[in-house]
Amino acid sequence: MSDRSTVHSTFAIERTYEAAPTRVWRAWADPEEKRRWFGPQGPAKAEHELEFRVGGLERMTVQSPGGAYKFIARFQDIVEGERFIHTYEMYLDDARISVSVATVVFEAAGGGTKLTMTEQGVFLDDLDSPAAREHGTGELLDTLAGHLQSTGD
């Protein structure tokens, strides 16, 4: 009997930021800026690279006490200032823990931006879960809010 399993899930998270859509877009698309908010905050060590174009890759490896987490994404669709779609895999050490497609949509909302992130994922072999991913994604989007407030441009 195999210990293999799959769990499929879809979730959507919305945030409204007090920054113009072009500003929020830049936080995702500019490699230097994205390094400042994407990934671990504090003493954890991360390596990050971003090639924000259709077909381009984004990679991040984070060393943690529990092992090395790897995020490997490929951009499938980009509509400047409006949306991007990427497919990505997550690994813990050498074990693939999930495969997902995520869509991030940017809309003007008053003087700010409404961001909607929808993820459709398959979580593998009980190494990750939809609830943990949704929670972590929400925290990441909250970190983006703090970054946008602190840079205030």
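The text that follows walks through the structure, step by step, so that each part is easy to find. (Residues numbered from 1 in each chain as written. Predicted model: local features only at pLDDT ≥ 70, side-chain atom pairs only at ≥ 80, totals over all residues. Heavy atoms only, no water.)

Section: the nonpolar core
Here comes step 1: Counting residues in hydrophobic clusters, the biggest one holds 31 residues, and the most contacted among them are V24, W28, F84, F106, L115 and L144.
Here comes step 2: If you list the elements that add at least two residues to this core, you get β1 (6-17), α1 (21-29), β3 (57-64), β4 (67-79), β5 (83-92), β6 (95-109), β7 (112-124) and α3 (130-151).
Here comes step 3: Per-element tally for this core: the top contributor is α1, with five residues.
Here comes step 4: Setting aside chain neighbours within four positions, we find L144 in contact with Y17, V24, A27, W28 and W37. (Core = buried A, V, L, I, M, F, W, Y, C linked by side-chain atoms within 4.5 Å. Buried < 20%, exposed > 50% of the residue type's maximum accessible area, 1.4 Å probe, protein only. Helix = DSSP H or I, 4+ residues; strand = E, 2+ residues; numbered from the N terminus. Contact = heavy atoms within 4.5 Å.)

Comments concerning the pattern of salt bridges
Here comes step 1: With the rule as written, the count across this model stands at 14 salt bridges.
Here comes step 2: R133 is the partner of E119 in a salt bridge, and the nearest nitrogen-oxygen pair spans 3.0 Å. Of the two residues, E119 is situated in strand β7 and R133 in helix α3; the sequence distance between them amounts to 14 residues. In this structure, E119 and R133 share a single accessibility class: buried.
Here comes step 3: Here the residues in one salt-bridge network are R23, R26 and E33, joined through shared partners. (Salt bridge = Lys/Arg side-chain N within 4 Å of Asp/Glu carboxyl O.)

Keep in mind these numbers describe shape, not what the thing actually does.
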